[in-house]
Amino acid sequence: MLRYFIFFKLITCAFSEGPDQKALFESFYEVAEPREMHDSIYKLNFTIHGDATTPLDWFKMHGFVEKFASQINLGFRDDGIIFETRNKRTAVFVKQLNIVGATRIKVLWKVLKYPAGANWEEGNSYSAISVNVAFGTEKFPSGHFFLPAAPRFFSLFPGQSEPEGKFYQHKYYRESSRHICIASSIPAGEWINTEFELPQNFQNTFGIPMPSVSGFGIAIHTSGKSKALLKSIEFLQ
């Protein structure tokens, strides 16, 4: 699973440029309303660095497989891990993990610098950072002979120009993935507390009940200089 999860994100990024390649649609977006507290099933805290001497060591110690991490700058801070680029770059960190019973994902993060020109509305699908969630083990074709089949997935990103709550459909993995702007125009350096509902959004998008979460990852895909900080990723019951 790790191979195709890394592969579909990397290649989706690589083929994402150009207004003629975009396919957008409005989708039901389940906004979190006042409700009872949800129990935490799994939480990864990026502020606890332990014995890791570098962020890359930290990711390996926590079971992540990375691709092209050497192309970006990683750094420890007291409030998380920094992901920084100075040029057009793509990097992916993926963790295979079955999280049975997860109904929400919660992410605490911030963008310190948005990449210039990033705008899904214009077909420029760059982002300083995204968090991706894979569902189940059934694999679906990518739509390109070079890309392996992959499970359905959501990719959540903080956008600067895109409407909050809008779902975007990419040229590849067109029927099995959605890229979702979870916050829009948040000033650089301001914390973003994301809580995204999974089963109903999955049902609304794909028309079937959601299988269990089978993995998650972090992706960086920028057009130039960018900087983001990730404090925690948590799955709630």
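All of the points below concern the structure found in this document. (Residues numbered from 1 in each chain as written. Predicted model: local features only at pLDDT ≥ 70, side-chain atom pairs only at ≥ 80, totals over all residues. Heavy atoms only, no water.)

When its secondary structure is counted, the protein shows three helices and 14 strands. Among the 237 residues that make up the protein, the fraction classed as buried is 52%. In the protein, the share of contacts with a sequence separation of at least 24, taken over all contacts with a separation of at least 6, comes to 77%. For the protein, the exposed surface amounts to about 10,400 Å²; the carbon and sulfur share of it is 49%. (Helix = DSSP H or I, 4+ residues; strand = E, 2+ residues; numbered from the N terminus. Buried < 20%, exposed > 50% of the residue type's maximum accessible area, 1.4 Å probe, protein only. Contact = heavy atoms within 4.5 Å. Areas by Shrake-Rupley, 256 points an atom, 1.4 Å probe, with all protein chains shown as cover.)

Note that Ser 176 resides in the loop between strand 10 (167–169) and strand 11 (177–184). Exposure remark for Ser 176: the relative accessible area of 1% places this residue in the buried category. Beyond its immediate sequence surroundings of up to four residues, Ser 176 is in contact with Phe 140, Pro 151, Arg 152, Phe 153 and Phe 206.

On the secondary structure map, His 170 appears in the loop between strand 10 and strand 11. Expressed as a C-alpha distance, the spacing of His 170 and Gly 123, which sit 47 residues apart in the sequence, is 9.4 Å.

To continue, consider the pattern of salt bridges. What the rule picks out here adds up to four salt bridges. Among the salt bridges present, the one from Arg 77 reaches Asp 79, with a minimum N-O distance of 3.0 Å. A salt bridge links Lys 166 to Glu 121; its shortest N-O distance comes to 3.1 Å. Taken together, the residues span a long stretch of sequence, with Lys 166 in the loop between strand 9 (150–159) and strand 10 and Glu 121 in the loop between strand 7 (104–113) and strand 8 (127–140) at a distance of 45 residues. (Salt bridge = Lys/Arg side-chain N within 4 Å of Asp/Glu carboxyl O.)

Ranked by size, the top nonpolar core spans 45 residues in total, and within it Phe 83, Ile 105, Phe 154, Ile 218, Ile 233 and Phe 235 carry the most contacts. By residue number, the principal contributor to this core is strand 8, which donates five residues. (Core = buried A, V, L, I, M, F, W, Y, C linked by side-chain atoms within 4.5 Å.)

It is worth spelling out the environment of Phe 140 at this point. With respect to the helices and strands, Phe 140 occurs in strand 8. Residues contacting Phe 140, with those up to four places away along its chain left out, are Ala 149, Ala 150, Pro 151, Arg 152, Tyr 173 and Ser 176.

Right, let's talk about helix 3 (residues 199–206) for a bit. Since there are 3.6 residues in each turn of an α-helix, residues three or four apart along the chain are aligned in direction. Those residues of helix 3 not exposed but buried are Asn 201, Phe 202, Thr 205 and Phe 206. Along helix 3, the residues classed as buried sweep out an arc of 105° about the axis, all on the same side. Close packing links the buried residues of helix 3 with strand 8, strand 9, strand 10, strand 11 and strand 12 (192–197). (Arc of directions from axis to C-beta.)

Once that is clear, we can look at the pairing of strand 6 (residues 89–99). Taken together, the three bridges between strand 3 (residues 65–67) and strand 6 define a ladder with antiparallel strand orientation. For Lys 67, the partnering residue across the bridge sits in strand 6 and is Val 92. Relative to strand 13 (residues 213–222), strand 6 runs antiparallel, the two sharing nine bridges. Looking across to strand 13, one finds that Thr 90 is bridged to His 221. (Pairing = 2+ DSSP bridges.)

Following the criterion strictly, the structure yields 21 aromatic pairs and no others. Ring centres of Phe 59 and Phe 93 lie 4.4 Å apart, and the angle between their planes is 25°; this geometry places the pair in the stacked category. Highlighted residues: Phe 59 in helix 2 (residues 55–61) and Phe 93 in strand 6, separated in sequence by 34 residues. Residues Phe 59 and Phe 93 agree in their burial class; the two are buried. Between Phe 83 and Phe 93, the aromatic rings sit 5.9 Å apart at their centres with planes inclined by 75°, giving edge-to-face as the arrangement. Here Phe 83, found in strand 5 (residues 80–85), pairs with Phe 93, found in strand 6; they are ten residues apart in sequence, far enough to count as distant. The class for Phe 83 is buried, based on a relative accessible area of 1%. Members of the aromatic cluster, connected to one another through ring pairs, are Tyr 42, Phe 46, Trp 58, Phe 59, Phe 64, Phe 83, Phe 93, Phe 216 and Phe 235. Cation over ring: Arg 152 sits above Phe 206, and NZ or CZ is 5.4 Å from the ring centre. (Phe/Tyr/Trp six-rings, centres within 6.5 Å; stacked < 30°, edge-to-face > 60°. Lys NZ or Arg CZ within 6 Å of the ring centre and 35° of its normal.)

Our next topic: the pairing of strand 11. For strand 11, the buried fraction is high: seven of the eight residues fall into the buried class. Sheet topology places strand 9 next to strand 11; seven bridges connect them, and they run parallel. What sits directly across from Ser 155, in strand 11, is His 179. Where strand 10 meets strand 11, two bridges bridge the pair, whose relative direction is antiparallel. Within strand 11, the position partnered with Phe 167 by the bridge is Ile 180.

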